[in-house]
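# Coordinate analysis (summary)
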Amino acid sequence: MPRFWSRRRAEQPDPLAGPLPDPYLSVVVPVHNVAEYLASSLDSILRQPLREIEVIVVDDASTDGSTEIAEKYAADHDRIRLVKLPEKSGVSIARNVAMPLCTAPFITFVDSDDDLPPDAWSTMLRTLLRTGSDFVVGSAERVSSERRYVTPLMKRNHEVERLAITIEDAPLMLADVFVWNKIFTREFWERAAIHFPERTRYQDQPALTQAFLAARSFDVITEIVYEWRFREDLTSATQRRVEISNMRERRGTKLLTLDMVREHGSAPIMDVLLREILPIDMWEHFRAAVVAGDEYREVLRDMQQRIWNDGTVRFEHTTVPPSQRVMGVLVDQGRWDDLATLIAHIDSLGGPAPRAVVDGREEVVLPFRDDPAMPADAYAVQPVRGPQAGTHSGR
């Protein structure tokens, strides 16, 4: 059962009051070609009320002027230490290089194109000091030039405060695959031997899965502690998704996560992983497959069949919207022309698909509903729960 803590902040002494060890918090900032955003990000760190910090900036062979900006900040602020990598190595290596240099009892991360709200860390540290947990997780706000919002899943995970819990108490937290909205104790990080997988764009998910599974307890708070910038200058998501290297990296990350949870040995956690977490972004790959080549499609289909199958959970029994479940079934069957037809139809609707009641059950009206090869459960508005997943590997 969760060990929920009751705290009345106004009546408790402030654990951050009085002299603190210096440094008290190590802040790891990987940098690569973010000259437009780097100064704002570093300024947001330096403005934090907590002064007992060390900021370890790792420049990953930037070529756009980021190195010079980082050099100036390091020269002007004794809290900032700059490490330069001789060649482009990736964010995982940059973070892994920084970790042995951290000397504070607590560790956090900031991506160099993001900003922090005015007081990102105080509540997080106070929470950890009162509970003794291994790490704390705060909410994050997505920020673009047009709006600010909290994603639905982030809202769901941070709707209420939950203190000193384990992943068995809140398995959906495994979907929080971001390293930057957390503060870890250095003792936990070293004890758990957490390591970012290298040479992949999806390094956070295995590292955070490892952390959640290894934690004796962690805290979840409702406060927004991070401003996650939406980069308008980035190449479109669709264009990046069609790269075969991207697809191979995503398959590797999902299968590694699956193996880690399987080894943990909890059937309820595995069930949440298969039904709610791993399917979250599959629609992006399904859409990319329409314009991608045969090799991409082969890797995508292999990933899907190794994760969602008769030994785990069929994709039509996941909790993603029915349109995505239908896409997944077509991918599983290798029906690429039909996948393109389905997606074109969905896009032509300009809104939600119409619904119909069939045998007392509400379904979406989408192509191939009458095809005997298509499972009716894929079209159900409310996901139909198939057999519960056990601790199978999905291979």
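Residues numbered from 1 in each chain as written. Predicted model: local features only at pLDDT ≥ 70, side-chain atom pairs only at ≥ 80, totals over all residues. Heavy atoms only, no water.

The helix and strand inventory of the chain stands at 14 helices and eleven strands. A globule of 395 residues ought to have a C-alpha radius of gyration of about 21 Å, and the chain, at 23 Å, matches this closely. Taking all 395 residues of the chain together, 53% fall into the buried category. Looking at the chain alone, contacts between residues at least 24 apart form 78% of all its contacts between residues at least 6 apart. Here the chain has roughly 17,400 Å² of accessible surface; of this, 51% comes from carbon and sulfur atoms. (Helix = DSSP H or I, 4+ residues; strand = E, 2+ residues; numbered from the N terminus. Rg over C-alpha atoms; globule rule 2.2 N^0.38 Å. Buried < 20%, exposed > 50% of the residue type's maximum accessible area, 1.4 Å probe, protein only. Contact = heavy atoms within 4.5 Å. Areas by Shrake-Rupley, 256 points an atom, 1.4 Å probe, with all protein chains shown as cover.)

A few words on the side chain of Gln48. As for its placement among the helices and strands, Gln48 is situated in the loop between helix H1 (35–46) and strand S2 (53–59). Those residues in contact with Gln48, other than ones at most four positions away along the chain, are Leu116, Pro117, Pro118, Asp119, Ala120 and Trp121.

This part is about helix H13 (residues 322–332). The buried fraction of H13 is high, at ten of eleven residues. Listed in full, the buried residues belonging to H13 are Pro322, Gln324, Arg325, Val326, Met327, Gly328, Val329, Leu330, Val331 and Asp332. Taken together, the buried residues of H13 touch helix H11 (282–291), helix H12 (294–307), helix H14 (336–349) and strand S11 (361–364).

This prediction gives the chain a mean pLDDT of 92; 93% of its residues lie at or above 70. Segment residues 1–10: pLDDT under 50, and 26 contacts once partners within four positions in sequence are set aside and those in other chains are kept. Low pLDDT (under 50) marks residues 235–239, which in the prediction has one contact with non-local residues, meaning those over four places away or in another chain. (pLDDT = per-residue confidence, 0-100.)

Moving on, we get to the pattern of salt bridges. The full count for this structure, using the stated rule, is 35 salt bridges. Measuring nitrogen to oxygen at the nearest pair gives 2.7 Å for the salt bridge that ties Asp14 to Arg126. Linking Asp14 in the segment before strand S1 (25–31) with Arg126 in helix H4 (residues 122–131), this pair joins segments that are 112 residues apart in sequence. Classification of Asp14 by relative accessible area gives partly exposed; the value is 33%. Take Arg126: its relative accessible area is 24%, and that puts it in the partly exposed class. A salt bridge links Asp347 to Arg287, with the nearest nitrogen and oxygen atoms 2.6 Å apart. Linking Asp347 in helix H14 with Arg287 in helix H11, this pair joins segments that are 60 residues apart in sequence. Each member of the salt-bridge network shares a partner with another, and the members are Asp134, Glu187, Arg191 and Arg216. (Salt bridge = Lys/Arg side-chain N within 4 Å of Asp/Glu carboxyl O.)

Tracing the backbone shows Ala214 in helix H7 (residues 204–214). Looking at Ala214, the relative accessible area reads 34%, which means it is partly exposed. For the pair Ala214 and Ala192, spaced 22 residues apart in sequence, the C-alpha to C-alpha distance is 6.4 Å. Leaving out residues up to four positions away in the same chain, Ala214 has contacts with Phe188 and Ala192.

Here we take up the pairing of strand S9 (residues 218–229). Two strands pair when backbone bridges link them, and strand S5 (residues 135–143) and S9 are joined in this way by eight bridges, in the parallel orientation. Paired with Phe135 across the strands is Phe218, a residue of S9. Bridge count between strand S7 (residues 162–165) and S9: two bridges; the pairing is antiparallel. Across the sheet, the residue bridging to Arg162 is Val220, located in S9. (Pairing = 2+ DSSP bridges.)

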